[in-house]
Amino acid sequence: MDRVRESTFPMISVDEAIVQILESTQSLTAVEVLISNAMGCILQEDVLAPHAIPPFPASIMDGYAVQASSGEGVLEVIGQVTAGLDPGLEVGPGQAVYITTGAKLPKGADAVIKVEDTKSPDLSDGTIPGGERTKGFVPAEETAVQICKGVVAGRNVRKVGSDVAEGQVVMQKGDILTSTDVGLLAALGVAKVLVFSKPKVGVISSGDELVDPMAAGAALDGGARIFDANRYTLLALLTQLGAEPVDLGIVRDQGNALEEALLSAANTCDAVITTGGVSMGDSDLIKPLLQKIGKVHFGRIKMKPGKPTTFATVPRGDSGKEVLFFALPGNPVSCAVTTRLLVQPALRKLSGADPAQCMLPQVSVKLGQTLKLDPERPEYHRASVTWDSVGCCLVARSTGSQISSRLLSMRGANALLCLPQAQGVMEAGTYATALLIDSIPAPDPKFCFHYKAATLGLALGEEDAPEGSSGGGGSPSSSSSSQYVSLDRMAKKAKVLIDPSQGGAPKEGEEGEGHHQGTAASDGLGECECCRAAPVVPPSTTTTTTAPSPPVAPGRELGPHETGPRARPVVRACVLTVSDRCAAGSAEDRGGPKVVDLLRQEANPFELDLVETAVVPDEIEKIQTAVMRWTDQGKVDLVITTGGTGFGLRDRTPEALRPILHREAPGLVFALLQEGTKNTPLAVLSRPVAGTREKSLIVTLPGSTKAVKENLVALIPLLPRIVNLLNDNAC
């Protein structure tokens, strides 16, 4: 038998796959629904306020409606009005009406005196009847009140339309309705809204090995069969995503039965998800069947897990409508991950969302552990993302073994880490992009903002309590070393950052941070001998003296601490220009050559060994691939990129490089921005990134040749020392 051993489908990126899916997806028709059923729906049209809120001037609190000009003193009480009743009264000078919160202001009144600012008049002469007053209660026989504190007109009154003006657009087409929106619609008296229909999504599990766990007498009987987990996972997930799931059961691996099931699903559903039958086995029939009854847009994706995922469109009879078909792998994790990455955006588009709304929420997270990278495919690693209250950042931790059959790796996962295709690892402490698939959990109780409530019932001693809180029923902790969250601590920390005189800087005789701290190389002057022998001199500075050269890079003849005249150290560098237009040949690359020219200046404290230059478009994967190809070979000391650091939608260099750094260098970023702002305040509009990967320094520069020159003025004097330290030379 001549078996097919290679797929005929080209491998495409996840980004391209999503593009093809969204381009093939059309929003469903509009339907009018009751607001009680509108939660999570997407509006098909704007909602305008049919009337103002409030529709009348209303009291903000319990008190007395008065004319502000009446001022302080004793006023005649002519009646009272409560919420929901039309007052039918008119307030004149020297008069007042008792009023409750939310009640309509009587005619003539222009302010409300809160009840706490009033008291009963002196009744000693018996001329004015009245009674003892408490907050929120006024005797029915009250005829006068003493105003202790006057107000200006408008005080404690909600004006007509102060919340919502009549005719105001309160919601726009494309808005996803939340619980607050439903409440606002109710407040406006809007009972029905026009929304996009919820997509009806059919789910089919294919495979001779599957057993329905809910079928009567379901059992595996010790044979070669397994329970169908995918279908129930998808049915629950589709409900969570706001779709209308349709259970189409299990279909065996038989051509006629599968074809009939697929065609039947196309006639009743807006989208269909199948699981299993998309790999290279003899029983994997889904792809050829979809080619027969429709159009297959792609059949392989460069991703892990989910490589054989297939997307097709199948016509529904003679209606001309195209039904979306997602043929997902049979492994449970592959099925769940590809549903999130590929099916979920399509469901949002069917429901009326624009492409930006279809994407998963995205955050930057610090890795809580070192993760191995895949050299063949980018990986979507299941992780749990939590908030680190001490480090003030989001931290991601793997859910364990990532084998695609292990559904447990999805349990507890609230994010998919976007790990690049590369050799080696991403070290703990580096940053990566995470796509959120669930909410971030509550913090550790000891770090919770509402500490006492969160730790209720926990046996905590004083040493566990944050500053200003009582732990375990004891007295407030006085420990100054506590790292728990408190408003007082946050305020103190902010004060130190704003005003260094409040603390934080090392005192005389104390050691600060740095590579010299606690080493024998330090002579007490803050620098070791080799660093003081290599003063930082900007390339633009003219000097008549020749300072000793900085330490020599590895492989040079002289060691780092040798004295006397010696050759400049060598810095091996690569330069990457990031620009769509330069990569396409429609614009001249000026930034890259400018970087090379400045690095080659004779005044520099090093000699340039230019290893390679390249130009790539503003594509995250291509930027990462180019940089990692240079750094991971261990033959490059420096990688400088130019372009893609601004605020443009295609400026993505920082987003590409930050996740692949092993260590960030915020001090260099500060130096670049500081030097730039000496020339123009607009320098702060650049988003530089600096850090190390392996033994290479990576720095991003703007695309402007002027900005390149300004940035390198700050960077060039530091390079010999940085390269020396990265190559493990004692300093």
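Residues numbered from 1 in each chain as written. Predicted model: local features only at pLDDT ≥ 70, side-chain atom pairs only at ≥ 80, totals over all residues. Heavy atoms only, no water.

- The name that an unreviewed UniProt entry assigns to the chain is MoaB/Mog domain-containing protein, with the source organism given as Fibrocapsa japonica.
- Annotation of the chain in UniProt includes, under Cofactor (unreviewed entry), the sentence "Mg(2+)".
- As recorded by UniProt, the Function (unreviewed entry) comment attached to the chain reads in full: "Catalyzes two steps in the biosynthesis of the molybdenum cofactor. In the first step, molybdopterin is adenylated. Subsequently, molybdate is inserted into adenylated molybdopterin and AMP is released." (UniProt positions renumbered as here; feature names shortened; annotations may be inferred.)

**Some points on the overall build of the chain**
Inference 1: The number of helices and strands found in the chain is 17 helices and 33 strands.
Inference 2: Sorting the 731 residues of the chain into buried and exposed places 44% on the buried side.
Inference 3: Considering only intrachain contacts with a sequence separation of at least 6, the fraction spanning at least 24 residues in the chain is 69%.
Inference 4: Roughly 36500 Å² of accessible area belongs to the chain as shown, and the carbon and sulfur atoms make up 53% of that amount. (Helix = DSSP H or I, 4+ residues; strand = E, 2+ residues; numbered from the N terminus. Buried < 20%, exposed > 50% of the residue type's maximum accessible area, 1.4 Å probe, protein only. Contact = heavy atoms within 4.5 Å. Areas by Shrake-Rupley, 256 points an atom, 1.4 Å probe, with all protein chains shown as cover.)

**Structural notes on the environment of threonine 430**
Inference 1: Looking at the secondary structure, you find threonine 430 in the loop between strand E26 (425-426) and strand E27 (431-436).
Inference 2: Once the C-alpha coordinates of threonine 430 and isoleucine 660 are considered, the two residues, 230 residues apart in sequence, prove to be 7.5 Å apart.
Inference 3: If we ignore the near neighbours within four places in the chain, the residues touching threonine 430 are Val365, Lys366, Leu367, Leu661, His662 and Arg663.
Inference 4: A polar contact is formed between the side chain of threonine 430 and the backbone oxygen of glutamate 427, at a distance of 2.6 Å. (Polar contact = N/O pair within 3.5 Å; in protein donor to acceptor, adjacent residues only side chain to side chain.)

**Looking at helix H13 (residues 620-631)**
Inference 1: With 12 residues, H13 ought to run about 16 Å at 1.5 Å a step, and its terminal C-alpha atoms sit 17 Å apart, in line with that.
Inference 2: Among the residues making up H13, those that are buried are Ile623, Gln624, Ala626, Val627, Met628, Trp630 and Thr631.
Inference 3: Tucked inside the fold, the buried residues of H13 contact strand E28 (570-578), strand E29 (607-616), strand E30 (638-642), helix H14 (653-657), strand E32 (690-693) and strand E33 (696-701). (Expected span 1.5 Å × (residues − 1).)

**Some details on the packing of helix H4 (residues 255-268) against helix H5 (residues 286-293)**
Inference 1: Between H4 and H5, the shortest axis-to-axis distance is 10 Å and the interhelical angle comes to 55°. In terms of axis orientation, H4 runs oblique to H5. The two elements H4 and H5 cross, and the hand of that crossing is right-handed. For the pair H4 and H5, the contacting residues are Gly255, Leu258, Glu259, Leu262 and Leu263 in the first and Ile286, Leu289, Leu290, Lys292 and Ile293 in the second.
Inference 2: Classifying every residue of the contact of H4 with H5 gives seven nonpolar, one polar and two charged. (Axes fitted to C-alpha atoms, helices over the stretch in contact; angles between N-to-C directions. Parallel < 35°, antiparallel > 145°, perpendicular 65-115°, else oblique. Left-handed = near helix turned anticlockwise from the far one by under 90°. Nonpolar A, V, L, I, M, F, W, Y, C, P; charged D, E, K, R; others polar.)

**Some thoughts on the confidence of the model for the chain**
Inference 1: In the predicted model, the chain carries a mean pLDDT of 84, and the fraction of residues at 70 or more is 82%.
Inference 2: In this model, residues 126-138 is a region of pLDDT below 50 whose contacts with residues beyond four sequence positions or in other chains number 28 contacts.
Inference 3: When the criterion is pLDDT under 50, residues 467-566 qualifies, and its contacts beyond four places in sequence or with other chains add up to 127 contacts. (pLDDT = per-residue confidence, 0-100.)

**Some words on the sheet that holds E29**
Inference 1: What the six strands build is an open sheet, ordered E29-E28-E30-E33-E32-E31; its pairing is mixed. Each edge of the sheet is formed by a strand with only one pairing partner; in this case those strands are E29 and strand E31 (663-664).
Inference 2: Pairing analysis gives two bridges linking E31 to E32, with the strands arranged antiparallel. Considered in E32, the bridge of arginine 663 is made with threonine 692.
Inference 3: Across the sheet, helix H15 (residues 666-677) lies against E31, E32 and E33, angled at about 35° from E33, the strand it touches most. (Pairing = 2+ DSSP bridges.)

**What about the pairing of E27?**
Inference 1: Of all six residues in E27, five are buried; the element is thus mostly enclosed.
Inference 2: Relative to E27, strand E21 (residues 362-367) runs antiparallel, the two sharing five bridges. Bridging from a neighbouring strand, valine 363 pairs with alanine 434 of E27.
Inference 3: As judged from the four bridges shared by strand E25 (residues 415-419) and E27, these two strands associate in the antiparallel manner. Within the sheet, the bridge partner assigned to leucine 416 lies in E27 and is leucine 435.

**Let's talk about the side chain of threonine 275**
Inference 1: Summarising the element assignment, threonine 275 is placed in strand E17 (residues 271-275).
Inference 2: Beyond its immediate chain neighbours, meaning those up to four positions away, threonine 275 contacts Ile204, Ser205, Ser206, Asn230, Leu234, Leu328, Pro329, Gly330 and Cys335.

**Focus on the packing of aromatic side chains**
Inference 1: The full count for this structure, using the stated rule, is three aromatic pairs.
Inference 2: Measuring from ring centre to ring centre gives 5.2 Å for phenylalanine 311 and phenylalanine 326, while their planes differ by 40°; the resulting arrangement is tilted. Residue phenylalanine 311 is found in strand E19 (residues 310-315), and its partner phenylalanine 326 is found in strand E20 (residues 322-328); the two are separated by 15 residues along the sequence. Taken as a pair, phenylalanine 311 and phenylalanine 326 share a single burial class, namely buried.
Inference 3: One aromatic cluster is present, built from ring pairs that chain together Phe298, Phe311 and Phe326. (Phe/Tyr/Trp six-rings, centres within 6.5 Å; stacked < 30°, edge-to-face > 60°.)

**Here we look at the pattern of salt bridges**
If charged atoms from side chains of opposite charge come close, those side chains can pair.
Inference 1: Taken as a whole and judged by the stated rule, the model has 20 salt bridges.
Inference 2: Residue glutamate 259 is joined to lysine 292 by a salt bridge in which the shortest nitrogen-to-oxygen separation is 3.0 Å. A residue pair is termed long-range when its members are at least 10 positions apart, and glutamate 259 in helix H4 and lysine 292 in helix H5 qualify at 33 residues.
Inference 3: The exposure class of lysine 292 is exposed, given its relative accessible area of 58%.
Inference 4: With a shortest N-O distance of 3.4 Å, glutamate 588 and arginine 590 are connected by a salt bridge. Each member of the pair, glutamate 588 as well as arginine 590, carries the same accessibility label: exposed.
Inference 5: Within this structure, Asp212, Asp228, Arg231 and Asp247 form a network of salt bridges that share partners. (Salt bridge = Lys/Arg side-chain N within 4 Å of Asp/Glu carboxyl O.)

**Overview of the side chain of threonine 641**
Inference 1: Mapped onto the elements, threonine 641 comes out in strand E30.
Inference 2: Overall, the relative accessible area of 0% leaves threonine 641 in the buried class.
Inference 3: Here threonine 641 is in contact with Leu576, Val627, Thr653, Leu657, Val699, Thr700 and Leu701, once residues within four sequence places are set aside.

**What about the nonpolar core?**
Inference 1: Ranked by internal contacts, the top residues of the largest apolar core, which has 44 residues, are Ile273, Phe326, Val337, Leu341, Leu347 and Tyr380.
Inference 2: Every element with two or more residues in this core is listed here: helix H1 (14-23), strand E13 (200-206), helix H3 (230-240), E17, E20 and helix H6 (332-350).
Inference 3: The greatest single-element share of this core, amounting to 10 residues, is contributed by H6.
Inference 4: When residues of this core are sorted by domain, at least three fall in each of domain 1 (14-25 + 199-212 + 226-353) and domain 4 (362-436).
Inference 5: When neighbours within four sequence positions are excluded, valine 337 is seen to be in contact with Met303, Pro305, Tyr380, Arg382, Met410 and Leu416.
Inference 6: Counting 34 residues, the second-largest nonpolar core is a separate cluster that includes Ala383, Val385, Leu576 and Ala614. (Core = buried A, V, L, I, M, F, W, Y, C linked by side-chain atoms within 4.5 Å. Domains from an automatic or database assignment.)

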